[in-house]
Amino acid sequence: MASYSTNEFRGGLKLLLDGDPYNIIENELVKPGKGQAFNRVKLRNLKTGRVIERTFKSGESAEAADVMDVDMEFSYNDGEFWYFMDPNTYEQVGAGEAAMTDAAKWLKGQELCTVTLWNGEPLLVSPPNFVELTVTETDPGLKGDTAQGGTKPATLESGAVVKVPLFIEQGEVLKVDTRSGEYVSRVKD
Amino acid sequence: MSPESKTDWQPSASFEVLQFRARLLQGIRAFFAEQDVLEVETPVLSRATITDPHLQSFSTQYLSDRLYLQTSPEFFMKRLLASGSGDIFQLCRVFRDDELGRYHNPEFSMLEWYRLGMDHHLLMDDMEALLNYLSGKLGVPISGQIPRRLSYQQAFVEALDIDPLAASAGELKAVAQQRGIEIPVGMDELDRDMWLDWLMTQGVAPSFVKQGFTFVFDYPASQAALARVSEDDPRVAHRFELFWGELELANGFYELTDAEEQRSRFEQENQQRIERGMEPVTIDEYMLTALGAGLPDCSGVAIGVDRLLMVLLSKTLISEVLAFSFQRS
């Protein structure tokens, strides 16, 4: 089993503690000038999102968590699981609601997502930074109002609701930033 | 290491801080010049180094000879003292491997000085005089209150209601548990000194006055390092430390002058290194011979200049007082 010594601890390193995968957020040295050094580590539980602190005597090791990020294509949702496929190996995994968090509302199919796998099981799904989706419902557009401010809600084909400029029409394809949930532009064919 | 951002070539400290830093160094030199303490410079590279298993020396080579970068200029300064230098001080860079964090940089600036005929209490007076002088010279009101002085034993009794000179490892552990102090992963449960170090940083130092200096003196004899053991109470050694709040700033000794005692401590520490799976280091025979030739009765102290700057300027990261922090080196 792979492990890391405290002097390898740094932000982003994945450790297995009490059977759960954790991500190191911060590692601080606690060391008297003459005396034993300790590492106080702040970690996020990748299953629950909870942040904990743990101290290690310097020189100790902790088990590495088999966590990796893989780019996978969203295939379909069967009502319980969202299925993703590795385009290189064609391997398929099913992510439950906990791993999907907010990702589901941006996905209609074929999007390349980053799936964080722990021992092969999805822990977290991150949608692409930008998605292109068709407006399925919004108030009628205001012609010529391309320069003015003001927004209205628009429902997209994936189910997400975003604020869009007043000139946007039903049926148009929009580019949206999934990190902020904000409208970016219209997509012209 | 690849640059993290496009501005990482620039200093990690502001120019206001660097100007203050220059004034601090001038102030330190002026203080010692007024008192006829000689400024010295000694080698950074040495064939020998400190045996302390908690300090990791960097090493390099001159052709095929192994040389260590000094973790403190102590051994060279003691050779000067034994040769008749009289009072001396040094401002220099020192190097410690695997020490990096909010309060640690692998290379840092140290002010170290020695006073003949002073015991550790007189040297604490001398430190207070320096701090007051710098405070006045730099116009930073740090010395509004007189630094508190308390023994290591008293500090533990006040903060944790336990006698650090008598308590067993198990009793020290029980105190940690009662006080809700986390027990670190990998703690050597039977190692009294490890418990004392841990309780000092987690339970005792946090009880010191926040915006002020505290001196702690007479450390357990098991943590004597290069200090002489008390003649009145062999359980303690005449070692002291200076804190600002809970931040450790300086470490000093009423210096051990007994060469045989010093040799046996070095050998014991090298043995501890081997037990911990570390490489033993070359013992400084020149320094031991100097002690044998006669180190005058003296006390010495080393203070971290960068941490002192952090205190004077209310900075929370050591990188904020360094022209270029390790990450930008």
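Residues numbered from 1 in each chain as written. Chains lettered and ligands numbered in written order. Predicted model: local features only at pLDDT ≥ 70, side-chain atom pairs only at ≥ 80, totals over all residues.

A. Fine view of the overall build of chain A. Along the backbone of chain A there are one helix and 16 strands. Rg of the C-alpha trace for chain A: 22 Å, well past the compact-globule value of 16 Å for 189 residues, more than 25% over. Overall, chain A is about 75 × 40 × 25 Å in size when its C-alpha atoms are taken along their principal axes. Of all 189 residues assigned to chain A, the portion counted as buried reaches 27%. Long-range pairs, those at least 24 residues apart, make up 44% of the contacts in chain A with a sequence separation of at least 6. (Helix = DSSP H or I, 4+ residues; strand = E, 2+ residues; numbered from the N terminus. Rg over C-alpha atoms; globule rule 2.2 N^0.38 Å. Buried ≥ 20, exposed ≤ 12 C-beta atoms within 10 Å, placed from the backbone. Contact = placed C-beta atoms within 7 Å.)

B. A look at the overall build of chain B. Scanning chain B from N- to C-terminus turns up nine helices and 11 strands. Each of the three principal axes of chain B carries a C-alpha extent, and together these read 50 × 45 × 45 Å. Here chain B, with 329 residues, has 40% of them falling under the buried criterion. For chain B, contacts bridging at least 24 residues in sequence account for 67% of all contacts bridging at least 6.

C. Broad picture of the sheet that holds strand S3 (residues 59-62) of chain B. Residue and element names in this part refer to chain B. Taking strand neighbours across the sheet as the criterion, the three strands line up as S2-S4-S3 in an open arrangement whose pairing is antiparallel. If you trace the sheet from one side to the other, it starts and ends with strand S2 (45-46) and S3, each paired once. Where S2 lies against strand S4 (residues 65-69), two bridges are found, and the strand directions are antiparallel. By the bridge assignment, Leu 45 is partnered in S4 with Leu 69. (Pairing = 2+ DSSP bridges.)

D. Spatial organisation of the nonpolar core. Ranked by size, the top nonpolar core spans 114 residues in total, and within it Met 127, Leu 199, Ala 227, Leu 242, Phe 243 and Ile 303 of chain B carry the most contacts. The residues contacting Met 127 of chain B, other than those within four sequence positions of it, are Leu 242, Ala 250 and Val 301 of chain B. (Core = buried A, V, L, I, M, F, W, Y, C linked by C-beta atoms within 7 Å.)

E. Structural detail: the sheet that holds strand S2 (residues 14-17) of chain A. All names here are of chain A. Read from one edge of the open sheet, four strands run S2-S3-S4-S5, paired in antiparallel fashion. In this open sheet, the two edge strands, each paired with only one partner strand, are S2 and strand S5 (51-57). Neighbour-to-neighbour, the strand axes of the sheet open up by a mean angle of 45°, direction not taken into account. Of the pairings in the sheet, the one linking S2 to strand S3 (residues 20-30) comprises four bridges and is antiparallel in character. Along S3, the bridge assignment pairs Lys 14 with Asn 23. (Axes fitted to C-alpha atoms, helices over the stretch in contact; angles between N-to-C directions.)

F. Spotlight on the confidence of the model for chain B. Across chain B, pLDDT averages 95, with 98% of residues at or above 70. Across the predicted assembly, pTM comes out at 0.84 and ipTM at 0.90. (pLDDT = per-residue confidence, 0-100.)

G. Representation of the packing of helix H7 (residues 259-275) of chain B against helix H8 (residues 285-294) of chain B in the model. All names here are of chain B. Interaxial distance between H7 and H8 falls to 8 Å at its minimum, and their mutual angle equals 155°. On the basis of the axis angle, H7 is roughly antiparallel to H8. Across from Ala 259, Gln 262 and Arg 263 in H7, the residues of H8 making contact are Leu 288, Leu 291 and Gly 292. Classifying every residue of the contact of H7 with H8 gives three nonpolar, two polar and one charged. (Parallel < 35°, antiparallel > 145°, perpendicular 65-115°, else oblique. Nonpolar A, V, L, I, M, F, W, Y, C, P; charged D, E, K, R; others polar.)

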